[in-house]
Amino acid sequence: MEDHKPTSFTFEIDNFSEKESVIRTTNFLSGGCEWYVKVHPKGDHIDDHLSMYLCVADPESLRFGWKRLAAFSIALLNQSGKELYRKHEPFYQLFCAEIPLMGWPKAVPLEKLQEKGLLENNKFIFNVQVKVAQVVDEGSVTGNEMLDVNGFQVLYSQVASVSWIFVEHPDVAVNFKPKNQLLKTTYMNILLGLIVTLNKPLHSITETELNNAQSDLIELTEAGFKLDWLKIKLDEVSLEMKIANADGDRVQSLAEHIKNLKIEVNQEQINSSAKILSLEQTLSNLKDELNNKNAKTL
């Protein structure tokens, strides 16, 4: 890895409690490109937390195949510059065209902002530190490159999906047991496959896939992954499939019943037709007999 000097920038936001929309800081330079911090004062689709993200500025202007491997942290300060609260990533994160920002949807509980010192005079002060370890300004991307995401070696094409997991569920691998890198990659691939299966349309999930998903979830949980969120999703899918199957059996039963009724109706129609023919024949015979008697009388 290359050695780039860490950078540190401090920003202040006045009248913070009155802010509703997203706040973007001014740009700063680190590792050969510009960055900025995006702040969601009322949370990014989350009601009870402040959200904060480190973003690459104008990623479209960078050359195709650009990458930045960076570690970063954001600290909340009081007006004297004292650090009161810090969020940091323990591993280097990959920023690229597919992932131009990283951070925390749940950076700080909103109620914590009300604690003494965090919003002195309604001013929000924070410091961002960025340490870029690798710079790629241009390169051919095949999708087969192996890159590190939170300690897991994954394909370049999987980086966005794996990064999403750690952004949405930061503690997902806190208790993960295996240390062998190949084994870690294997487990991560199983996790990605499980997520894909559970996000498929219900009608396209087979019973075999559902059974395999249940087995995979057990194996991943035993390996140390924290997957309560996937367990809830799996339970929902299983319940929906049971309802769908029950409805399907009911529909099939009704269809079979209708088929049998049609057969009975057709048979009744045949029987009725035969009876009508028989009655018509009897009537005809009686008419003939009556005519014969009348002829004899004359």
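Residues numbered from 1 in each chain as written. Predicted model: local features only at pLDDT ≥ 70, side-chain atom pairs only at ≥ 80, totals over all residues. Heavy atoms only, no water.

Chemist: How should helix α4 (residues 207–222) be read in this particular structure?
Modeler: Two residues of an α-helix separated by three or four positions point the same way, owing to the 3.6 residues in each turn. With 16 residues, α4 extends 23 Å between its outermost C-alpha atoms, agreeing within 8% with the 22 Å of an ideal straight helix rising 1.5 Å per residue. Looking only at α4, the buried set comprises Leu-210, Ala-213, Leu-217 and Leu-220. Along the axis of α4, the buried residues cluster in a sector spanning 90°; they form a single face. Exposed side of α4, more than 90 degrees from the buried face: Thr-208, Ile-218 and Glu-222 are the residues found there. Gly-224 sits one or two positions beyond α4 and adopts a positive phi of about 115°. (Helix = DSSP H or I, 4+ residues; strand = E, 2+ residues; numbered from the N terminus. Expected span 1.5 Å × (residues − 1). Buried < 20%, exposed > 50% of the residue type's maximum accessible area, 1.4 Å probe, protein only. Arc of directions from axis to C-beta.)

Chemist: Could you clarify how one ought to interpret the pairing of strand β8 (residues 93–96) in this entry?
Modeler: Along any regular strand, the residues point their side chains to alternate faces of the sheet. Residues Gln-93 and Phe-95 point to one face of β8 and Leu-94 and Cys-96 to the other, with burial holding for every one of them. Looking at chain direction, strand β6 (residues 67–77) and β8 are connected through 4 bridges and run antiparallel. Directly across from Arg-68, in β8, lies its bridge partner Phe-95. (Pairing = 2+ DSSP bridges.)

Chemist: Can you help me understand the pattern of salt bridges in this one?
Modeler: Oppositely charged side chains can pair when the atoms bearing their charge come close. Here the structure, examined in full by the defined rule, presents 6 salt bridges. Here Glu-12 ties to Lys-123 by a salt bridge, and the two come within 3.5 Å at their closest N and O atoms. Residue Glu-12 is located in strand β1 (residues 7–13), and its partner Lys-123 is located in the loop between α1 (110–113) and β10 (124–136); the two are separated by 111 residues in the primary sequence. Overall, Glu-12 belongs to the exposed group, its relative accessible area being 52%. Of the residues examined, Lys-123 reaches a relative accessible area of 22% and is grouped as partly exposed. Between Glu-209 and Lys-200 there is a salt bridge; the shortest N-O distance is 2.9 Å. For Glu-209, a relative accessible area of 25% puts it in the partly exposed group. Because the salt bridges share partners, they merge into one network encompassing Glu-12, Asp-14 and Lys-123. (Salt bridge = Lys/Arg side-chain N within 4 Å of Asp/Glu carboxyl O.)

Chemist: How should I be thinking about empty space enclosed by the protein in this particular structure?
Modeler: If a probe as big as a water molecule is rolled over the atoms, it shows which places are left empty. The full count for this structure, using the stated rule, is 1 cavity of 30 Å³ or more. By volume, the largest cavity amounts to about 40 Å³. Taken together, Glu-89, Gln-93, Met-102, Gly-103, Asn-150, Ser-163, Phe-166 and Val-167 make up the lining of the largest cavity. At the level of elements, β9 (101–109) and α2 (159–168) are the ones that each hand at least two residues to the lining of the largest cavity. When residues of the lining of the largest cavity are assigned to their parent elements, the largest contribution, 3 residues, is made by α2. Each residue belonging to the lining of the largest cavity can be placed in one class, and the counts come to 3 nonpolar, 4 polar and 1 charged. (1 Å grid on protein atoms, 1.4 Å probe; cavity = no way out; pocket = protein on both sides within 12 Å on 5 of 7 lines; lining within 4 Å. Points joined across faces, edges and corners; volume = space filled by probe spheres on them. Nonpolar A, V, L, I, M, F, W, Y, C, P; charged D, E, K, R; others polar.)

Chemist: What exactly am I supposed to notice about the layout of surface pockets here?
Modeler: Of the volumes computed, that of the largest pocket is approximately 350 Å³. The wall of the largest pocket is formed by 19 residues, among which Phe-91, Asn-150, Phe-166, Pro-170 and Ala-173 lie closest to the centre. For the lining of the largest pocket, the secondary-structure elements that each account for two or more residues are β7 (83–88), β9 and α2. Residues of the lining of the largest pocket, tallied by class, amount to 11 nonpolar, 4 polar and 4 charged.

So far we have only geometry, and geometry alone does not tell us how the molecule works.
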